[in-house]
Every structure is written in C-alpha cells, then in structure tokens.
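Listed below, chain by chain, are the residues.
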Amino acid sequence: MAAIRVSSLTLLASTSASASAASSVFTKLQFGPSWGISLTAIPLCSRRTKRMAHSIARATLGLTQPKQIEASKISIAAKEIDLVEWKGDILAVGVTEKDMAKDENSKFKNSTLQKLDTQLGGFLSEASTEEDFTGKAGQSTVLRLPGLGSKRVGLVGLGSAVNSTTAYRSLGEAVAAAAKSALASNIAITLASPEGLSAETKLSTASAIATGAVLGTFEDNRFMSESKKPSLKSVDILGLGTGPEIEKKLKYAEDVCAGIILGKELVNAPANVLTPAVLAEEAKRIASTYNDVLSATILDVEQCKELKMGSYLAVAAASANPPHFIHLCYKPLGGAVKTKLALVGKGLTFDSGGYNIKTGPGCLIELMKFDMGGSAAVLGAAKAIGQIKPAGVEVHFIVAACENMISGTGMRPGDIVTASNGKTIEVNNTDAEGRLTLADALVYACNQGVEKIVDLATLTGACIVALGPSIAGVFTPSDDLASEVLAASEVSGEKLWRMPMEESYWESMKSGVADMVNTGGRQGGAITAALFLKQFVDEKVQWMHIDLAGPVWNDKKKTATGFGVSTLVEWSNDLGTEVGDSSGQDCWFGLSLGQGMRLVMRRGSDWFWGGPREQGILVGCKEACSPTWVGD
C-alpha cells in the first residue's frame, strides 16, 4: 500500500505476513473463532459453531506458533420476561437521553426505569444523579444493588433518540465489556423504550445487540503466553420479541460474527506466521468445511505465468515465500443463479515497500501485516456465506496473495510490467504495489463471467487523510452499484463514503514509455489509485473499489476490526435472497434499500430487475414495512 506521511499524522501502510517457505512444516491447530456461539430464541437450543482448524507453517523466524484456545460457548436468546424477575449477573438497560428525563422529585418518567427504580427503593435514580449519568452515547454505569433478581443493574447511554445499527451494536459491546470486568457469566440486555419500535426494527435491533455482545466478548489471545478464558456464557435479549423470525435473525448474526472473527484473526496474525501459503491453506479449509457450496482453486507461480499475470508476479518476485492466487467459488444448493458476483481482496501478507522502502516516523512498516485486510474481509465473507447459503447468487472470492519484499530478484523503480489484459505499467514506486496485484486479480474476476465486482484494499494513505480512521472510501462509476452497497453498509453499521472518480486526474498517471505509471503523486492519491484499477475492469461489468486503509485497524485497541465482512455478506445476501410468492403468477416485489426502493419482477419462476410499476403491484419492504397492495 502506498503510504503518506503528513507532519504529526500517522497514516496507513500495508500489512502482511511472511514466514520461511521451503523448510516450513505444517501442523494443524485452531485458527478460526476460538469459541462457539449459540444464538436462539426461546426455547433455548444449544447451537455450537465449529471451530475452524487451521494449518499454520511452522515459523522458522521467532519460533512463534498460535496457541490452541479451548472453545467456549455463548448462548444468546430472545426472551419475554419481567425485568424484575430475571435472574443473572447483570441486567443492562440501553437508555437514550430522553429516557433519563426526571420529574420534579428527581424520579424517572420512563416507565421501565420507573419500575426498576421502585423495586430498588429509589437508589437507581439517586445513583444516576450522583454519577451525572444522562444517557449520552458512551456513558455507562453498573451498580450492585439489592432488590432485583439480577446481582447488578447497568445503564448504558445511547445518546439522543436513536435507531441505528451502530448504536445498538455499541450497546452490546459495552455490556460485554462490563461482563468481562465483573467476571459475569449471565447477562440480559433490554431497552428502556422498546415499545416505539416496529416489528422489523426490533429484529434488526436484536441482531445488532447480539453482534455487539459476541464481538465485544471476543479476544484474540493466541499469541499471548497467558490468557483468560471468557467468563460470559449466556446473553438474554429482553423485550424485543420471541419466535422463529427473531431466531432466524440471531442465527444470521451468528454466521456474520463468525466471518468477522476470522477476518480479525487473519489480520492480527503476524507476518512470520501468516504467509501467502498459509492464507491459501485457510481458503482451502473454508472451502472444505462448506464443500456443499464452496470450491477452491489455488494457482501457483507457473499457472499464474500461463495466465500472463506479470503485474502480480512482479510484486511477488523478491520474496522467499512464493505467491498463491486464491479463488473460491460459492454456488447455491439449488435453484437458478440470477446474479454472479466477485469479491476481490488485496492480499499483501507483508509490505516492506520494496526498493521504495517504508522509512521514518509514520510509515507504519511495523503494521504492514494488515495490508491483507481486503483479503481477510473477502475470506471472512466466504465463511459467513458458506454458513448462510443464500439462494440465487454465485459469488467468486479472489485474492492475489504475496509479499512485497526486497532482493536482487525484486521489482525495481523504472521497471515495466505487463498485466494479464496486455496493458503495460511503468513502476515509478514499488510501494504502490497493491494496485499491481489487484490489476491481474480484477482481470481474472472479469473472466469468470461476473456481472458485479467489489474489490477491497488497504490501498492508500491518502484515503486516511481524507476520511480518517473510521470510514472507508468508495469509488465506482455505477450509481446502481453504489446504492446497493451503501444500503448494505447502513444495515451492517459499517461506514462507507462515496468518493469522486475525477477522470481528468488520469493525466498524472500517463507514462512516456508504457500505457501508464502505477502512481500519480500525492495529490488525489486515493482517486488516481481507483482510476488505475478501473483500467483492468471490463466496461460491461459493474465495479466498485473500497479503500479500507483506515477502518481495517483499531489503533486505540491495537487490533484488527474485521471491517468489510458484514457489508459484503449483507450485499450478497440481499442480491441472492429469494422473494415473492410461490404461485408462479406475475408480481412485483420491492426490497428496502436505505434511501429508495429497487424492484424485481417475477414471471412464472423467473426473477429479474423491473422497470415501471404496473397495475396490481405487490410492494413489500424487506426491512421496514409490511406487504401491501397498491394501484388498481
């Protein structure tokens, strides 16, 4: 990844992992989620997520091996029960600033808080006043008070009136953190004002809370000499309903969390453990685990040469660890495939910068293991989709895995490389290597006959300068694709921002001796990187580039975020979900996609994107409303 340094601002660099290759010995150990999750609605059932075995090269550098962590299980259930009667370690209530309003006697106006406060002899309102707890986002307090079935009661601030995935996920994370501190094994989470939520909103809220609780509990301690086993065993979500619909929603959250956790573990793994070969082994293991819907193809150097992937192979040339080109393919169990997608992830398991080596403060070379964050998102999505098994969509997961190192065999500044579509590139900066690997990966993706491509990459420091550490930049010439993916990100709670693709900036990417150079300088660096990638995408294919250089890593917690997985899964699942009735009659159906509606039409057993509405349209919103007839 190209890095930028601006006075005291630390910017993104790439990440990767490398370990010795030829003499390495593979040994099986657990590298997937280190615990199982059971997400159910009453009656409780004990679903256990399989821990993914992982083949790791025995590191010759540092003798580091990830520990095998004993699996633990978290049971998440949706219940309807009186808060006063619930028995467990912590009862947590999500409150808005409005919920915390009090009367002239300093007593709660909110009926839920009023009931709890009465049972606690007024101590809850008194304590909230003393601690100046007002319900602002980020505030929380946990009190040990007698009078309830629970040992402790907690209040967690949601801010002003909210209805967002991010707020409810943060609620789950905050309660999980409190559970860690208190060594709690059983917790319950509810809202002070659930009565104002629609049935669909209650489902999405429960899913977000569950996701936050699961991810908030997870700790990646495979590389620590000592680690504590999580104490949390169960999470009850109260007051948001029960039944098969919420159970299905919680199971979906479980599957997505499994993919996010895998993505986190892949990015967290150091370069002397996670090599291109190990990343390829993990991809094969995912395909093997879900072999009813997933298949794997791993290309070696010679096979990549046959496909004329000169751009990708040039980046890999300096490393002792050979490149591995990864291709997983998901095909649904039954029914026709209506949409073919490709998810392409940058897979630099370590990026030294090459001869344009990363040096000086702010270059982040020590974090260049995360330069495969795009591939982690893609493989995490593959795992989740393998579990969810959406119908009607075929998904290709593509990663050109390699390292960007320095040696006498390596790519030099001024070299000209030839991509698999025949275009030539003058390398004016070896630290702008990610786009060279993506060039051949995008050509390969187009050759699979897909209709839509989303690539994800920790590509530029310029994107961090523009959007900061929490927001990924989105680049696409397709308004339709932008609407789809941005709507999916709203549901997932991941922050994306669409950036311009200013064609006039391409002038800075022209070479005097080749078709293009690989970097155009500091100004508009994220835009010129996207314009470079566009040269390797078929014009008939809808394409989007996501630069996740900022949000791939949480600098405060010093750990990976798993960013991108949930949006990719949500988008793929939306496009693949079967909708409508089974009568075979012609009808229209609308899917709620954030700001607007998109329509698909059914004629007989076939579904396709629709145009103008006709008489007798059946309109239903997947997320926000009930089906209803409109028209004559």
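Residues numbered from 1 in each chain as written. Predicted model: local features only at pLDDT ≥ 70, side-chain atom pairs only at ≥ 80, totals over all residues. Heavy atoms only, no water.

Identification of the protein chain as Leucine aminopeptidase 3 from Forsythia ovata is taken from an unreviewed UniProt entry. Entered under Cofactor (unreviewed entry) in the UniProt record, the comment concerning the protein chain runs "Mn(2+)". For the record of the protein chain, the UniProt heading Subunit (unreviewed entry) holds the text "Homohexamer (dimer of homotrimers)." (UniProt positions renumbered as here; feature names shortened; annotations may be inferred.)

Caption draft 1: Structural detail: the packing of helix α3 (residues 165–182) against helix α4 (residues 199–217). It is at 7 Å that the axes of α3 and α4 come closest, and there the two elements cross at 40°. If you check the angle between α3 and α4, you find them oblique. Read as a crossing pair, α3 and α4 show a hand that is right-handed. Across from Thr165, Tyr168, Arg169, Leu171, Gly172, Glu173, Ala176 and Lys180 in α3, the residues of α4 making contact are Thr205, Ala208, Ile209, Thr211, Gly212, Ala213, Leu215, Gly216 and Thr217. (Axes fitted to C-alpha atoms, helices over the stretch in contact; angles between N-to-C directions. Helix = DSSP H or I, 4+ residues; strand = E, 2+ residues; numbered from the N terminus. Parallel < 35°, antiparallel > 145°, perpendicular 65-115°, else oblique. Left-handed = near helix turned anticlockwise from the far one by under 90°. Contact = heavy atoms within 4.5 Å.)

Caption draft 2: The arrangement of the pairing of strand β9 (residues 234–238) in detail. Among the 5 residues that make up β9, 5 are buried, leaving the element largely enclosed by the rest of the structure. The side-chain alternation of β9 yields two buried faces, one formed by Ser234, Asp236 and Leu238 and the other by Val235 and Ile237. The sheet contact formed by strand β8 (residues 186–191) and β9 spans 4 bridges and is parallel. Across the sheet, Ile189 pairs through a bridge with Ile237, a residue of β9. The β-α-β motif built from β8, the intervening α4 and the parallel element β9 has right-handed crossover chirality. (Buried < 20%, exposed > 50% of the residue type's maximum accessible area, 1.4 Å probe, protein only. Pairing = 2+ DSSP bridges. Right-handed = clockwise from strand over helix to strand, strands pointing away.)

Caption draft 3: Main features of the sheet that holds strand β18 (residues 496–498). With mixed pairing, 8 strands are arranged side by side in an open sheet as β10-β11-β13-β12-β16-β20-β17-β18. Every other strand in the sheet has two partners, leaving β10 (294–299) and β18 as the edge strands with one partner each. The sheet shows a mean angle of 20° between the axes of neighbouring strands, taken without regard to direction. Direction of pairing for strand β12 (residues 339–351) relative to strand β13 (residues 393–404): parallel, over a ladder of 12 bridges. Of the residues in β13, the one forming a bridge with Thr339 is Val393. Its contacts with the sheet put helix α12 (residues 479–492) on β16 (452–457), β18 and β20 (542–547), and the angle it makes with β20 is roughly 45°. Against the sheet, helix α13 (residues 525–534) engages β16, β17 (472–475) and β20, with an angle of about 145° to β20.

Caption draft 4: Quick look at the pairing of strand β4 (residues 73–79). The buried fraction of β4 is high, at 6 of 7 residues. Two elements, β4 and β9, share 5 bridges in a ladder whose sense is parallel. Bridge pairing links Ile76 to Val235 in β9.

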